[in-house]
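# Examination of the molecular architecture
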Amino acid sequence: MEKASMESPHSIGQPAGHVEGPAKVTGRARYSADIALPGMLWGQALRSPFPHARIVSIDVTAARGVPGVHAVISAADLPDVRIGRFLRDIPVLARDRVRFIGEKVVAVAAETPDAAEEALGLVEVEYEELPAVFDPIAAMSPDAPRIHEHPEKYEHPPIPPIGGESRYHPFANVCSQNIYRRGDLERGMAAAERTFEHSFVVPPVHQGYIEPHACAAVIAPDGKIDIWISNKTPFIARRQLAAAFGVPEERVRVNPTAIGGDFGGKGSLMDAALCYFIARASRRPVKMVMNYTEELTAGNPRHAALITLRTGVTRDGAITGHRAKLIFNCGAYGAFIPLHFLHGGVHAATGPYRVPNLEIEALRVYTNTVPRGHFRSPGAPQTTFAIESHMDMIAHGLGIDPLEFRLRNVLVDGDESPMGERFRHIRCRETLSAAADTAAWSSPKPPNVGRGIGIYERAPGAFGTSGATLTLDRDSKLTLLTGAADTGTGSFTVLAQVVAEELQAPLGDVIVCQGDTDTAEWEEGAGGSRLTHMAGRATLTAAGEVKRELIALAARHFNCAAEQVEMRARRFIASDGRELDWDALLAWAAEHEALPLTRSGSFVASGHPEVTCYAAQVAEVEVDRETGQVRVRRIVTAHDVGTIINPLTHQGQIEGGMVQGLGQAMSEHLLVRDGSVTTAHLGDYKLPTAMDIPELTTVLVESLTGPGPFAGKAIGELSNVSPPAAIANAVFDAVGVRLTELPITAEKVYRELRAMERGK
Amino acid sequence: MKSIRMRVNGQPVEREVPDHRLLVDFIRYDLGLTGAKEGCSVGVCGACTVLLNGQPVSSCLALAVMADGGEVTTIEGLAEGERLHPLQQAFIDYGGFQCGICTPGQIMASKALLDANPHPSAEQIKEWMMGNLCRCTGYYKIIEAIQAAAAGKTGP
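So, how was this worked out
Residues numbered from 1 in each chain as written. Chains lettered and ligands numbered in written order. Predicted model: local features only at pLDDT ≥ 70, side-chain atom pairs only at ≥ 80, totals over all residues. Domains from an automatic or database assignment. Contact = placed C-beta atoms within 7 Å. Helix = DSSP H or I, 4+ residues; strand = E, 2+ residues; numbered from the N terminus. Nonpolar A, V, L, I, M, F, W, Y, C, P; charged D, E, K, R; others polar. Pairing = 2+ DSSP bridges. Axes fitted to C-alpha atoms, helices over the stretch in contact; angles between N-to-C directions.

Moving on, we come to the domain arrangement of chain B. By a frequent convention, interface size equals the accessible area lost on bringing the separate parts together. All names here are of chain B. When its domains are assigned, chain B resolves into domain 1 (2–77) and domain 2 (86–150). On a C-alpha basis, the centres of domain 1 and domain 2 stand 21 Å from each other. Between domain 1 and domain 2, the residue contacts involve 14 residues of the former and 12 residues of the latter. Sorting the residues of the side of domain 1 that touches domain 2 by element identifies strand 3 (49–52) and strand 4 (55–58) as the ones contributing at least two each. With 3 residues, the single largest contributor to the side of domain 1 that touches domain 2 is strand 3. Residue composition of the side of domain 1 that touches domain 2, by class: 8 nonpolar, 5 polar and 1 charged.

Structural data, given as structure tokens:
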């Protein structure tokens, strides 16, 4: 439970620090790995050293004899269940077969991590290696080894209708296939005066949260199962866990914990189901904490992508047709995403452009590599790197300035988007222009300096249900009970600001309490840039209900109709001029036993939002022609925003996201060789440091049109998407080197520079 | 097993530990001070930063026995009662954290910086802090927070 520290009559627009700030800066905030339960054991897992193998036998006899070891389990000790966020294809422990290096095979629970490790060292697993396949193209060939023998038997909810054709497991090693068509591609291509085709390679990157996944489980004598888990969607985690345990949902309680970074990666159960099973086997509470090598080698990093785009244009740059083939490597299992395919990747495959005729084919392909999951704007950075590089290449091919080429093609009010959405108040041109103007797009540049631009569009998340319960107490405190976890974005603070604004209360009077899954209203949780929008709207409804009740109480006090009372600046004013201030009303209400007063609100999504958000970015780079080293001098990031509820946390999303995009552009590459992740610690996997950040200029293109509370829009997944394309385009502008594969390393630029020299 | 004695956040501590007990495990699990976090386990991310005799160390790379006879300061030792250290307050006011997992390490590292150099430039801050990874903020607001604390500014 946290208390806001700021006192202000108007909360919206205030740069308030996180309400949980004192807990986080003093070390009091409790994360999953910090959980300590009486009698708790340490759980650890033995992982497969082979990318694809049959498990011939498992002998745990010696492991069970290690002092301090309370349980050693393998799949033979578990029900034959598979888990997943949508498709359920991942076993809790490998059964008969392992499909990637790092897959869990045996788990132990012991009194100390040392004893657990010793026991795992004594487990004997006999494997028979099977042919493995690592490349998604090779995996799709008819003679490729089959990674899943009967994938059609895996459970999943009905595939939601999103337009286009969707199929599961249509052919060899393909987890899902989606084909989306609009207009007549053949005719569109025939109408083209020039056709461009380019292919792009986007390697996997890791979410890079500093907190590795952790969880704890305890089973009470009455069968109640308590879980602590680094998970951004506690209610959805509960649903998945109950299914895995074969118990009704109400038997499982997911408890709130602080989350040490999510970025999409903390929506998966990871070890939580296994943790329960070893708690059950050992009859003790168990905690499992992954180490960072496990995170990098066996977490759920971003999908790698091979992308081919073919676009027909007229000589003056109008797009006539566009075909995109997106091949996403999903690794050994498809279970780590909450949909059947990377919707965001498909959505971004056309960019925010007028494309009358198109075909997008998206495939998720199984390989014997680490399973892939969601990462901030899932799918979009891959396809945006491709489409925004491709647009630059087309512009240069046509001899049109890349900014001008985009301005000619972007959607404007009245256009239907390529995916068939009809948005109002489209701010694409304005956002592009704001970025370009601020970056002085056309101004002269020193030698070897270049500018590149990229744009991305994403609507505020509108799916699932959000709930909120607000209690007004006699002492004027407003306690908001939410089922949403804060992944670090400052969502508790934003929700507190919504309450404070609606009730004209000081922010310090609002207490945000994250309930467990037994006590809070159902909440879909964080993800897809939905929380401020949807939990914010639910909270606003609850606050509005409390306000309505207060007005009714004031009317009772005045002995008039509620319609004759209004609340203004913490005063209740009757139409005949009588007034009562907030404290007086509360005192009166308390006397009349009307306090505490509790009201709930919920908000349910109804189709796609009518407005969307744009982010346009200009990168300015300097390239060292001798070494190929690229230095990003400056990024201008322009955002189409609605009402900004909290400028401090809003800007934090922009800055943090941009630097993640910078990392993907410049240094991050989860290197997978023959199925083995070789960048297996944070010394080798290069997250940006404080030394790597460029000068950043943020431009806000404001309009009061958002669907969120007080006309807010989304921000969380907008700034991280187009930096790789903007930087790649800037490198081309600087020295004429076009890189179609991330990351943009000095080695790659150097090779291209030398090749260009030889070609002269 | 070794018997070790030290002062942790000003309090005397005496424990028996295995020779190979890591300082981070000793602090977190033997003493129950879970403010220091274990991120990378290889001395790269800085989430486990504590001060040993005033110097920042990655407690995941140090052994508990190395602190024998010494003075350890963790994030729990920074505030005086409810009164936050200026760096702690600045990290809140300037948005120097989001998820908070790296924050204890960031604050301990920046305390060591300001102890050594009370008025660092932005470049000096970046250089000193490069051993403390943050995935949420992109560092801009961490740098602002440290500058604000150094300048004695209490609010944004």
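Additional details are given in the paragraphs that follow.
Right, let's get into the domain arrangement of chain A. All names here are of chain A. Domain assignment breaks chain A into domain 1 (2–30 + 462–604), domain 2 (132–377) and domain 3 (379–443 + 612–759). On the side of domain 3, 16 residues touch domain 1, which itself brings 19 residues to the contact. Within the residue set of the side of domain 1 that touches domain 3, elements represented by two or more residues are helix 13 (491–502) and helix 14 (531–558). Looking at the side of domain 1 that touches domain 3, its residues break down into 6 nonpolar, 11 polar and 2 charged.

With that settled, the discussion passes to the interface of chain B and chain A. Between chain B and chain A, the contact holds 43 residues from the first and 42 residues from the second. Those elements giving two or more residues to the side of chain B that touches chain A turn out to be helix 2 (86–93), helix 3 (103–116), helix 4 (122–129) and helix 5 (140–150) of chain B. With 4 residues, helix 2 of chain B is the single largest residue contributor to the side of chain B that touches chain A. Here the residues of the side of chain B that touches chain A sort into 24 nonpolar, 12 polar and 7 charged.

All names here are of chain A. The sheet built from 6 strands is open, its strands ordered 10-11-19-18-17-12 with mixed pairing. Edge positions in the sheet fall to strand 10 (165–168) and strand 12 (194–202), since each has one partner strand and no second. With strand direction ignored, the average angle separating the axes of adjacent strands in the sheet is 5 degrees. Across 9 bridges, strand 12 lies against strand 17 (residues 304–313) in antiparallel orientation. The residue of strand 17 that forms the bridge with F200 is I307. Strands strand 12, strand 17 and strand 18 (319–331) of the sheet are contacted by helix 10 (residues 380–398), whose axis makes an angle of about 145 degrees with strand 12.

The next thing to look at is the sheet that holds strand 3 of chain B. Residues and elements named next belong to chain B. Strand order in the open sheet formed by 5 strands is 2-1-5-3-4, with mixed pairing between adjacent strands. Only two strands of the sheet have a single partner each, and these edge strands are strand 2 (11–17) and strand 4. Shown here is a sheet whose adjacent strand axes are inclined to one another by a mean of 40 degrees, direction ignored. Sheet analysis places strand 1 (residues 2–8) next to strand 5 (residues 71–73), joined by 2 bridges and oriented parallel. Counterpart to R7 in the pairing with strand 5 is E71. Sheet strands in contact with helix 3 are strand 3 and strand 4, and its direction is about 35 degrees off that of strand 3.

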